[in-house]
Amino acid sequence: MDSKMNENKHILEVEDLRVSYHTYAGEVKSVRGVSFYLEKGEALAIVGESGCGKSVTAKAIMGLIKGPQGEIKAGSEIRYNGNNILKYNKNQWKDYKGGECAIIFQDALAALNPTMRVGKQIAENLMVHKQMKKQEAAREAVEMLRRVGIPEPEKRVEQYPHEFSGGMRQRVMIAIAFACDPNLLICDEPTTALDVTIQGQILDIIKDLQEKRKVSVIMITHDLGVVANIAQRIAVMYSGMIVESGSAKDIFYNPRHPYTWALIQSVPRLDLENKQTLMSIPGTPPDLLEPPVGCPFSTRCSYCMPVCREAMPETTDFREGHQAACWLHHPMAPKVDMPDFRGGK
Ligand SMILES: Nc1ncnc2c1ncn2[C@@H]1O[C@H](COP(=O)(O)OP(=O)(O)OP(=O)(O)O)[C@@H](O)[C@H]1O
């Protein structure tokens, strides 16, 4: 990737990110050479099963990997508007974390301050990041709650987080995140704990704010179904690596990695009506204490060839921006029948 050429287009470029945790059991290699970019104003989804390194990647971008247990390996780069944030000094981190990027976690109750009324929590952000006066910030806090769909916001600003339902608390988190007016928003499983109807409402709010404010979004989820309407591009993660990435259309209709095939077959598709059999992926992901030398998916892959257990596959480029790391795409690999995901009625 030519970083200079893309500096104006890409708000974020992650290159060869490697993150480990040092535990009593040994070194957990949580993220093992992840590279991706995020264009200004776009929404990118990072999708994969639990434990594949999605949250650790998000934490690295937010500067939340703490030593001595957590270590970002030398050679990793996270460039925000062209500058490697891993080389930031204290003040640069403060500006970046305070005003440039925000994160929405799955567990809103843990992320909110239980001792402070929600209106005050939003207003404080507005006072710090938008230099508003107290009264103006209090008025704007009401407006922000209204914008994220909280009824009777004038009353609700006076309440504490425990007085809100799960879905309403998630809306408060979104309001707080947007109060900083971020250019980059990371949503880490923002709807996982919520029921399906509320999930849809929360995703709509994020999508609406993203489009109106031209915020660049990274949406992290284990559920491919969640990203279909929100993400323009998708990166599929497995065992600390990105195994496939491309436009949402490429990933849903023309996926090239057997893990993506398995993921898609585990998500219900409305356009296939009753023609689809849902599958779960047999087996478990590899232990990140001792990741395999070959393709990490080889132990669960029904297309596995002997070479897959011996060496990591190279990345193959397909259509523009669509890549997958799988030996099946080597020009000399035996031809196999790939599943057809074009679907439709
Ligand atoms: N503080 C930590 N100490 C030790 N290991 C950790 C720590 N945080 C994460 N890990 C390990 O790093 C790996 C990746 O974890 P991560 O939380 O990024 O997964 P994930 O894909 O976000 O899954 P989930 O959705 O379940 O959080 C896992 O094996 C996890 O056990």
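The rules we used
Residues numbered from 1 in each chain as written. Predicted model: local features only at pLDDT ≥ 70, side-chain atom pairs only at ≥ 80, totals over all residues. UniProt positions renumbered as here; feature names shortened; annotations may be inferred. Helix = DSSP H or I, 4+ residues; strand = E, 2+ residues; numbered from the N terminus. Axes fitted to C-alpha atoms, helices over the stretch in contact; angles between N-to-C directions. Parallel < 35°, antiparallel > 145°, perpendicular 65-115°, else oblique. Left-handed = near helix turned anticlockwise from the far one by under 90°. Contact = placed C-beta atoms within 7 Å. Nonpolar A, V, L, I, M, F, W, Y, C, P; charged D, E, K, R; others polar. Near = placed C-beta within 6 Å. Pairing = 2+ DSSP bridges. Core = buried A, V, L, I, M, F, W, Y, C linked by C-beta atoms within 7 Å. Buried ≥ 20, exposed ≤ 12 C-beta atoms within 10 Å, placed from the backbone.

Caption draft 1: The UniProt feature "domain: ABC transporter" (unreviewed entry) in the chain, seen in detail. The positions UniProt marks with the feature "domain: ABC transporter" (unreviewed entry) are residues 12–264. Summarising residues 12–264: 40% helix, 27% strand, and an end-to-end C-alpha distance of 27 Å.

Caption draft 2: Highlighting the packing of helix H5 (residues 118–129) against helix H6 (residues 134–147). Between H5 and H6, the shortest axis-to-axis distance is 8 Å and the interhelical angle comes to 120°. On the basis of the axis angle, H5 is oblique to H6. As H5 packs across H6, the resulting crossing turns out to be right-handed. From H5, Gly119, Ile122, Ala123, Leu126 and Met127 reach across to H6, where they touch Lys134, Ala137, Ala138, Glu140, Ala141 and Met144. Classifying every residue of the contact of H5 with H6 by side-chain character gives eight nonpolar, one polar and two charged.

Caption draft 3: Spotlight on the site of the ligand. Near the ligand there are 16 residues, and of these Tyr21, Ser30, Ser50, Ser55 and Val56 occur at the shortest range. Listed by contribution, the elements that provide at least two residues to the shell around the ligand are strand S1 (10–23), strand S2 (26–39) and helix H2 (54–61). Here the shell around the ligand takes three residues from H2, the largest share from any one element. Looking at the shell around the ligand residue by residue, the class counts come to five nonpolar, nine polar and two charged.

Caption draft 4: Representation of the sheet that holds strand S11 (residues 241–247) within the structure. Read from one edge of the open sheet, eight strands run S7-S8-S9-S3-S10-S11-S13-S12, paired in mixed fashion. With one partner strand each, in any of the chains shown, strand S7 (101–104) and strand S12 (315–317) form the two edges of the open sheet. Sheet twist, expressed as the mean angle between neighbouring strand axes with direction ignored, is 20°. Alignment of strand S8 (residues 184–188) against strand S9 (residues 216–221), held across five bridges, turns out to be parallel. Considered in S9, the bridge of Cys187 is made with Met219.

Caption draft 5: Spotlight on unusual backbone geometry. Following Gly67, the chain continues into Pro68 via a peptide bond in cis, with omega recorded as 5°. One non-glycine residue, Asp16, adopts positive backbone phi at about 50°. Within the element layout of this structure, Asp16 appears in strand S1. Positive phi is not limited to glycine here, since Ser239 has a value of about 50°. The residue Ser239 is located in the loop between strand S10 (233–238) and S11 in this model.

Caption draft 6: Molecular detail of the nonpolar core. Counting 92 residues, the largest nonpolar core has Val47, Ile122, Ala175, Met219, Val236, Met237 and Val243 as its most contacted members. Broken down by element, this core gets its largest block of residues, nine residues, from helix H8 (residues 166–179). With near-sequence residues (within four places) excluded, Val243 lies in contact with Val236, Tyr238, His257, Tyr259, Phe297, Ala324 and Ala325.

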